[in-house]
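This is what each chain is made of:
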Amino acid sequence: MNVNGMPMRTIWPAADGCAVDIIDQTALPHQYRVLRLGSLEDTAHAIRSMQVRGAPLIGVTAAYGVALAMAQRADDAALLAAAETLAATRPTAVNLRWALARMHTFLAPLPLSARADAAWLEAARIADEDVEQCRLIGQHGLQRLRSSIGTSGRLELMTHCNAGWLATVDHGTALAPVYAAFDEGIDVHVWVSETRPRNQGLLTAWELAQHGVPHTVIADNAAGLLLARGGIDAVIVGADRIAANGDVANKIGTYLKALAAREAAVPFYVAAPRSTIDFACPDGASIPIEERAADELRVVQGCDAAGAPAILRQLSADEAVANPAFDVTTAALVGALISERGSCPASRAGLLALYPEEEEHG
Ligand code: MRU
């Protein structure tokens, strides 16, 4: 997608072939900054600190992290240590573990001398596949959304968090159908919830603005009113992990939107690629929920009156704070799952109809 009119991805190999460059998402939307990651530790830090974020992008960054580790030392112990370091960064988005497992399966049988180059190529393949899968999610999602377009010809959507191209390598998941609709000339407008405490909604607003898609930012707490009032045709969000029964873990606050959407009879869709589906995880209750630092609530980040980056403490350091980063939306609240293979009911049968090769998980 575009930044200032220039096509960009969120992660790409640096010109010297010894590092990857990323868009630093901790600086957005106030500042556009590119960072270079040259080591395993750099990639682990980027994931942990959310310089890169969003389930698919975390997975791709982890794959490059393994490649950077292999460039230093390619023996089995180094491969295992790299996977352990990266797996410990964030627990909920299964794409991270999916990418690490794929890198391990691919690299382990290779001679040590071949591993560094092969790891680099495999990480690039994972990145390219993510782009293509998200493009397809856009096409399938648009098919779904067409039925929600009212007689006015306008499509009013609501989303939560950032499941756009910034959360993937390109196109996004929940926003891919939005871009597909917009590019096709459909009159689409997106209600973007702020997504406290990390404000990923501001990233969504930034990337929609870069593409010229009309949108309106709302406080998280305004979503219920807007849905109840009517005028929203569908809610579409991404996912960090979809359990085998169709339960969905996504950014904290997603569940409340799904409940409000159900009450208002507004369809609630979840868009995600195969790498987000965890067939080994039976249900939402089995998904680990990340608890993040209390200061994410206590301290607000933004700009001062002069436009310089600034932080503002809104709670003292001794104030008790809980900061669960994700919640689980039960499958019954999900109107459809949309993946690169099409859309399906949020159920074990629905998922297996799209991915029959996963039947073995019982
Ligand atoms: O904590 P984050 O910003 O990594 O969480 C991201 C989300 O919850 C997204 O909605 C999800 O990863 C889907 S991204 C395509």
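Sequence positions are assigned chain by chain, starting from 1 and proceeding in written order. Where local features are concerned, this predicted model is filtered to residues with pLDDT of at least 70; where side-chain atom pairs are given and counted, the filter is 80 or more; whole-chain, interface and lining totals use all residues. Only heavy atoms go into the side-chain values, all of them from the structure, while hydrogens and water stay out.

Let us look at the sheet that holds strand β4 (residues 20-23). If DSSP finds at least two bridges between two strands, the strands pair. Starting at the N terminus, helices and strands are each numbered in turn, a helix being any DSSP run of H or I of at least four residues and a strand any DSSP run of E of at least two. In spatial order, the strands read β3-β4-β5; together these 3 strands make up an open sheet with antiparallel pairing. Looking along the sheet, the strands with just one partner apiece sit at the ends: β3 (11-13) and β5 (34-37). Each strand axis lies, on average, 25° off the axis of its neighbour in the sheet, ignoring direction. Axis lines are fitted through C-alpha atoms, for helices just across the contact stretch, and the angle between N-to-C directions can take any value from 0 to 180 degrees.

In the vicinity of the ligand there are 19 residues, among which Arg53, Arg90, Asp240, Asn250 and Lys251 approach most closely. The definition of a polar contact used here is a pair of N or O atoms within 3.5 Å, where within protein one atom must be able to donate a hydrogen and the other to accept one, and adjacent residues in sequence count solely through side-chain atom pairs. In the model, an oxygen atom of the ligand is placed 2.5 Å from a nitrogen or oxygen of the Arg53 side chain. Within the side chain of Asn250, an N or O atom sits 2.8 Å from an oxygen atom of the ligand. Accessible surface area values rest on a Shrake-Rupley calculation with a 1.4 Å probe, where residue burial reflects the displayed protein chains alone. In the complex, the protein chains occlude 100% of the 420 Å² of accessible area that the ligand would expose alone. Elements represented by at least two residues in the shell around the ligand include exactly α2 (55-72) and β11 (248-251). Any residue that is not Ala, Val, Leu, Ile, Met, Phe, Trp, Tyr, Cys, Pro, Asp, Glu, Lys or Arg is counted as polar, Gly included; the first ten are nonpolar and the last four charged. Grouping the amino acids of the shell around the ligand by side-chain chemistry returns 8 nonpolar, 7 polar and 4 charged. For the purposes of this description, domain bounds are those given by an automatic or database domain assignment. Summarising the domain contributions, the shell around the ligand has at least three residues from each of domain 1 (2-131) and domain 2 (137-358). The cutoff for a nearby residue is simple: one of its non-hydrogen atoms must lie within 4 Å of the molecule or strand.

Here we take up the pattern of salt bridges. The working definition used for a salt bridge is a side-chain nitrogen of Lys or Arg within 4 Å of a carboxyl oxygen of Asp or Glu. For the structure on display, the rule yields 21 salt bridges. Of the charged contacts, one joins Glu132 and Arg135 as a salt bridge, the two residues approaching to 3.0 Å between their closest N and O atoms. Residue Glu132 and its partner Arg135 are located together in helix α5 (residues 112-146), separated by 3 residues, close to a single helical turn. Burial status follows relative accessibility: with a 1.4 Å probe on protein chains alone, a residue under 20% of its type maximum counts as buried, one over 50% as exposed, and anything between as partly exposed. A relative accessible area of 35% places Glu132 in the partly exposed class. Overall, Arg135 belongs to the partly exposed group, its relative accessible area being 34%. Among the ionic contacts, a cluster of salt bridges with common partners joins Arg90, Arg198, Glu290, Arg292 and Glu296.

You can read the domains of the chain as domain 1 (2-131) and domain 2 (137-358). Measuring from the centre of the C-alpha atoms in domain 1 to the corresponding centre in domain 2 gives 24 Å. In what follows, a contact means two residues having at least one pair of non-hydrogen atoms within 4.5 Å. Each partner contributes residues to the interface: domain 1 has 33 residues there, and domain 2 has 35 residues. Here the quantity called buried area is the accessible surface, traced with a 1.4 Å probe, that two parts lose on coming together, added over both. In this assembly, domain 1 packs against domain 2 so that about 2900 Å² is buried in total across both faces, 58% of it on carbon and sulfur atoms.

We now examine α2. For α2, which comprises 18 residues, the first-to-last C-alpha distance of 26 Å matches the rise-based estimate of 26 Å (1.5 Å per residue) to within 8%. Of all 18 residues making up α2, 16 are buried, and the element is well covered by its neighbours. To estimate the expected span of a helix, subtract one from its residue number and multiply by 1.5 Å.

The next point concerns the pairing of strand β12 (residues 268-271). Burial of β12 is two-sided: the residues Phe268 and Val270 facing one way and the residues Tyr269 and Ala271 facing the other way are all buried. Direction of pairing for strand β9 (residues 234-237) relative to β12: parallel, over a ladder of 3 bridges. Each bridged residue has a counterpart across the sheet, and for Val235 the counterpart in β12 is Phe268.

Turning next to helix α1 (residues 40-48). For α1, the set of buried residues is Leu40, Thr43, Ala44, Ala46 and Ile47. Along α1, the residues classed as buried sweep out an arc of 160° about the axis, all on the same side. Where the residues of α1 are buried, they touch β4, β5, α2, α3 (76-87) and α4 (94-107). The positive-phi residue at the C-terminal boundary of α1 is Met50, with phi of around 65°. Working definition: the arc comes from the directions between the helix axis and the C-beta atoms, pointing outward to the latter.

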